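# Tertiary structure, described
Letter by letter, the chains look like this.
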Amino acid sequence: MSIHQRGVKPALAADPEALTKAPAAPKHLSAHAKAEWKGIMPQLVARRIVTKADLAGVENYCVAVGYVRQIEEERAAAGGVIDVKLFGVLNRAAQTARQLAAEYGLSPTSRARIGAAQPADDDDDNPLAV
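Notes on the structure in this doc start here.

The rules we used
- Residues numbered from 1 in each chain as written.
- Predicted model: local features only at pLDDT ≥ 70, side-chain atom pairs only at ≥ 80, totals over all residues.
- Heavy atoms only, no water.
- Axes fitted to C-alpha atoms, helices over the stretch in contact; angles between N-to-C directions.
- Helix = DSSP H or I, 4+ residues; strand = E, 2+ residues; numbered from the N terminus.
- Parallel < 35°, antiparallel > 145°, perpendicular 65-115°, else oblique.
- Left-handed = near helix turned anticlockwise from the far one by under 90°.
- Contact = heavy atoms within 4.5 Å.
- Salt bridge = Lys/Arg side-chain N within 4 Å of Asp/Glu carboxyl O.
- Buried < 20%, exposed > 50% of the residue type's maximum accessible area, 1.4 Å probe, protein only.
- Core = buried A, V, L, I, M, F, W, Y, C linked by side-chain atoms within 4.5 Å.
- Expected span 1.5 Å × (residues − 1).
- Bend = angle between axes of the 7 residues up to and from the residue.
- Polar contact = N/O pair within 3.5 Å; in protein donor to acceptor, adjacent residues only side chain to side chain.

### Observations concerning the packing of helix α1 (residues 31-46) against helix α2 (residues 55-77)
At a minimum axis distance of 8 Å, the contact between α1 and α2 shows a crossing angle of 135°. With respect to α2, the axis of α1 lies oblique. Crossing handedness for the pair α1 and α2: right-handed. Taken together, the residues of α2 that come into contact with α1 (itself represented by His32, Ala33, Glu36, Trp37, Ile40, Met41 and Leu44) are Leu55, Val58, Glu59, Tyr61, Cys62, Val63, Val65, Gly66, Arg69, Gln70 and Glu73.

See the structure below:
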């Protein structure tokens, strides 16, 4: 019997080459992208998920989130009017951000894959624990 793993992402695990300190946000990022970097980088470092080789991908995630926030600000400033062209950019940026978030354990499902949502030993509070 053959077990197919097509479409199944491997479990994330701590990387032996993980960064131990959060690097500063790249200077060229927008204010929104820098804010996202500063918000997620400490989590990624603490979970030992991100390495120096991953920084470009994390940067791309932050840029995509920055685009979404910037376009939403511009839409709000225009009285809520939706620009069809900007909506396409927003939609693609949001999709890219979602995909990259999953790669780095920044969504609930991807965090569950690495066990980040569960404390290491929660048997004390579980009345069903044996």
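### Here's the deal with the pattern of salt bridges
Counted by the stated rule, this structure contains 2 salt bridges. Residue Glu36 pairs with Arg69 through a salt bridge whose shortest N-O separation is 2.9 Å. Here the residue Glu36 occupies a position in helix α1, and Arg69 occupies one in helix α2, the gap between them amounting to 33 residues. For Arg69, a relative accessible area of 35% gives the class partly exposed.

### So, the nonpolar core
Grouped together as the largest cluster of nonpolar side chains are 21 residues, with contacts concentrated most on Trp37, Val50, Val58 and Tyr61. Every element with two or more residues in this core is listed here: α1, α2 and α3 (84-103). Discounting chain neighbours no more than four positions away, the residues touching Tyr61 are Glu36, Ile40, Ala97, Leu100, Ala101 and Leu106.

### A look at α1
Taking 1.5 Å as the rise per residue, α1 with 16 residues should run 22 Å; its terminal C-alpha atoms sit 24 Å apart, in good agreement. Its axis deflected by about 30° at Ile40, α1 carries its strongest bend there, up to four residues before the proline Pro42. Along α1, the residues that are buried comprise Ala33, Glu36, Trp37, Ile40, Met41, Leu44 and Val45. Buried residues belonging to α1 abut α2. Downstream of α1 by one or two residues, Arg48 has phi in the positive range, about 55°.

### A short note on the side chain of Ser107
Relative to the assigned elements, Ser107 resides in the loop between α3 and α4 (108-114). Of the residues examined, Ser107 reaches a relative accessible area of 19% and is grouped as buried. Side chain to side chain, Ser107 and Ser110 meet in a polar contact 2.8 Å long. Ignoring anything within four residues of it in the chain, the contact list for Ser107 reads Ala101 and Ala102.

### Examining α2
If you check α2, its first and last C-alpha atoms are 33 Å apart, about what 23 residues at 1.5 Å a residue would give, namely 33 Å. Taken as a whole, α2 has its buried residues at Leu55, Gly57, Val58, Tyr61, Cys62, Ala64, Val65, Gly66, Val68 and Ile71. Looking at the packing, one finds that the buried side of α2 touches α1 and α3.

### Some thoughts on the side chain of Ser110
Structurally, the position occupied by Ser110 is in helix α4. A distance of 3.4 Å separates the side chain of Ser110 from the backbone nitrogen of Leu106, its partner in a polar contact.

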